[in-house]
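The lines below spell out each chain.
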Amino acid sequence: MPNHLTLEIVDEDLAMREAREGTSESRANFLKKAVFAGGTLTLGGIAIGGLPALSFAQPSPSQDVQVLNFALTLEYLEAAFYTQARNLTGETREFARVVGAHERQHVAFLKKALGAKAVKSPTFDFGNTVTNQARFQATAVVLEDTGVAAYNGQGPRVTKPVLAAAGSIVSVEARHAAWIRDIVNQNPAPKAFDQAQSMSQILAAVRATGFIQG
Amino acid sequence: MSEPITLDQVDSDGAIRETMDAVADDSRAGFLKKSMLATGGIVGGAAILGAMASPAHAQTANDVSILNFALTLEYLEAEFYTEAVNMGALRGEVLAFARVVGAHERAHVSFLRKALGSAAVGKPSFNFQGTTENQAKFKATAQVLEDTGVMAYAGQAPLIDTDAVLAAALSVHSVEARHAAWIRHINGAPPAPTAFDKPKTKDQILAAVAGTQFITGAPAMTAAGGSPSFTG
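Here is what the cut-offs are and how they apply
Residues numbered from 1 in each chain as written. Chains lettered and ligands numbered in written order. Predicted model: local features only at pLDDT ≥ 70, side-chain atom pairs only at ≥ 80, totals over all residues. Heavy atoms only, no water. Helix = DSSP H or I, 4+ residues; strand = E, 2+ residues; numbered from the N terminus. Contact = heavy atoms within 4.5 Å. Areas by Shrake-Rupley, 256 points an atom, 1.4 Å probe, with all protein chains shown as cover. Buried area = accessible area lost by both parts, 1.4 Å probe. Salt bridge = Lys/Arg side-chain N within 4 Å of Asp/Glu carboxyl O. Polar contact = N/O pair within 3.5 Å; in protein donor to acceptor, adjacent residues only side chain to side chain. Nonpolar A, V, L, I, M, F, W, Y, C, P; charged D, E, K, R; others polar. pLDDT = per-residue confidence, 0-100. 1 Å grid on protein atoms, 1.4 Å probe; cavity = no way out; pocket = protein on both sides within 12 Å on 5 of 7 lines; lining within 4 Å. Points joined across faces, edges and corners; volume = space filled by probe spheres on them. Buried < 20%, exposed > 50% of the residue type's maximum accessible area, 1.4 Å probe, protein only. Core = buried A, V, L, I, M, F, W, Y, C linked by side-chain atoms within 4.5 Å.

### Notes on the overall build of chain B
Moving on, step 1. The helix and strand tally for chain B stands at 9 helices and 4 strands.
Moving on, step 2. Overall, chain B shows an N-to-C arrangement of helices and strands of β-α-α-α-β-α-α-α-β-α-α-α-β.
Moving on, step 3. In chain B, 84% of the contacts between residues at least 6 apart in sequence involve partners at least 24 apart.
Moving on, step 4. When the accessible surface of chain B is split by element, carbon and sulfur atoms take 56% of a total near 9400 Å².

In structure tokens:
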């Protein structure tokens, strides 16, 4: 499976810039800026200004790094959400246990693929969405649907090896979305075509949750 | 694609409207349709749909081959669900599943045929070997078909040449995964059995489809199908 994905795919420019800048700015701050920056988004040290929805810049190794770090950030968020969840009962508890394990595997996979280029995990505050079952369920639906839209939006922007790996994750996110939707009696597959969202759309949605603290 | 594409620009012959009408019995699809038609503009996944629906000549021969492979699988799924609903053997959530998913698969067929234009393969004839007239057999078969659909799209996506075709395939791929998880949940099977779904090649998928013996005849000369024949 995608375990053999190696990002040999080395972005020399980014690597050198990171080396120059050292660690004067913590990764967490970096990411915080990435998520909170307004018009121009920076993530993994790359500026992504004014991305129109669903415009597909030519795939490149440096863009792969940017996209994989974007995906890693979302997976960090999901993994932390499920790992921190408590007071759950019944099938919701089972869902959180199984899906949490998947998200942690996605994190591990993406970190391995990115190697030294991997962003660090932000810190999160999920409030009562991880302590109240109804809030947890509603949030899980949004997070999983968002994950699907995020991966679908990035597919045309990455090189083929990364696309293959992302493809093996996106359908699992879609399975999670359908599962939690069925648990809460929402249509598991509400549309014939899932809608993609751009990186800036997703990050705006993530920012709006207030889950990322730093 | 910095500006919204209007439906009329890309849907001069109304095929997308027809597709949306066809899935209107799904309330959420109906909502989507209303929101799209109300604004007169389509965004996101629907923009992909529009972009792909207009210029078939923009596709490569490779993409045409992949889309026809996908179309054949969608014909099979669409026919399976349409027949199962019409046979009247399904009950409860299984019936709701078959109705919603059948509408989706028919929308995928319409979309792919529209995208392929005159290059679209015709619909084969099918015999579902009794799986559409028995709820237990239907449930088991639906699970296999949907999991297979997920693996098929996953296998083909990295082989697609054109961005618009890829984006459209991805928007279908995740819906197939939702279907798979849904029927698995109904069946008491793990909806998401692994952290990474495995892709399969076209040859692997075609061998699996051949193994079902569901396809009993070559496509007709044109894709214009008549009323479905019920094979049980």
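### Here we look at the interface of chain A and chain B
Moving on, step 1. If you look at the interface, chain A gives 46 residues, while chain B gives 48 residues.
Moving on, step 2. Counting the surface lost from both chain A and chain B, the interface buries some 4000 Å², and carbon and sulfur atoms represent 64% of this.
Moving on, step 3. Contact with chain B buries area across many residues of chain A, yet R175, A192 and F193 of chain A alone supply 20% of it, more than any other trio.
Moving on, step 4. Where chain A meets chain B, there are 4 salt bridges.
Moving on, step 5. Between R175 of chain A and D147 of chain B there is a salt bridge, and its shortest N-O distance comes to 2.7 Å.
Moving on, step 6. Between the two partners, chain A and chain B, sit 17 residue pairs in polar contact (both at pLDDT 80 or more).
Moving on, step 7. Those elements that provide at least two residues to the side of chain A that touches chain B are α4 (90-114), α5 (133-154) and α6 (160-183) of chain A.
Moving on, step 8. Counting residues per element, the side of chain A that touches chain B draws most heavily on α6 of chain A, at 18 residues.
Moving on, step 9. In terms of residue class, the side of chain A that touches chain B is built from 26 nonpolar, 12 polar and 8 charged.

### Let's talk about the confidence of the model for chain A
Low pLDDT means the predicted atomic positions in that stretch should not be read closely.
Moving on, step 1. Within chain A, residue pLDDT values average 80, and 74% of them lie at 70 or more.
Moving on, step 2. Note on residues 1-54 of chain A: pLDDT under 50 across the span, and 96 contacts to partners over four residues away in sequence or across chains.

### Focus: the layout of surface pockets
Moving on, step 1. Estimates place the volume of the second largest pocket at around 320 Å³.
Moving on, step 2. For the second largest pocket, the lining is made up of 13 residues, of which D145, A149, K191 and Q195 of chain A together with R178 of chain B are closest to its centre.
Moving on, step 3. A per-element tally of the lining of the second largest pocket places α5 of chain A first, with 4 residues.
Moving on, step 4. Tallied by class, the residues present in the lining of the second largest pocket amount to 5 nonpolar, 3 polar and 5 charged.

### Here we look at the side chain of R178 of chain B
Moving on, step 1. Tracing the chain through its elements places R178 of chain B in helix α8 (residues 163-187).
Moving on, step 2. Exposure remark for R178 of chain B: the relative accessible area of 3% places this residue in the buried category.
Moving on, step 3. Leaving out residues up to four positions away in the same chain, R178 of chain B has contacts with D145, V148, A174, A177, A178, R181, P188, A189, P190 and D194 of chain A.

### A word on the nonpolar core
Within soluble globular proteins, side chains that are nonpolar generally end up buried alongside one another.
Moving on, step 1. Counting residues in each nonpolar core, the largest one holds 103 residues, and the members touching the most others are F95 and F136 of chain A together with F97 and F138 of chain B.
Moving on, step 2. The element contributing the most residues to this core is helix α3 (residues 61-84) of chain A, with 13 residues.
Moving on, step 3. Setting aside residues no more than four positions away along its own chain, F97 of chain B makes contact with Y81, G102, F138, A142, H179, W182, I183 and I186 of chain B.
Moving on, step 4. Within the second largest apolar cluster, 5 residues are counted, among which are V148 of chain A together with V150, A177 and A180 of chain B.

### Let's talk about the pattern of salt bridges
Moving on, step 1. A complete count under the given rule lists 8 salt bridges over all chains for this structure.
Moving on, step 2. Between R97 of chain A and E94 of chain A there is a salt bridge; the shortest N-O distance is 3.1 Å. One end of the pair, R97 of chain A, and the other, E94 of chain A, are both in helix α4, 3 residues apart, so they sit about a helical turn from each other.
Moving on, step 3. Overall, the relative accessible area of 54% leaves R97 of chain A in the exposed class.
Moving on, step 4. Of the charged contacts in the structure, one is a salt bridge between D145 of chain A and R178 of chain B, with a shortest N-O distance of 2.8 Å. In this pair, D145 of chain A sits in helix α5 while R178 of chain B sits in helix α8, so the two residues belong to two different chains.
Moving on, step 5. Three or more residues are tied together by salt bridges with common partners; here these are D145, R181 and D194 of chain A together with R178 of chain B.

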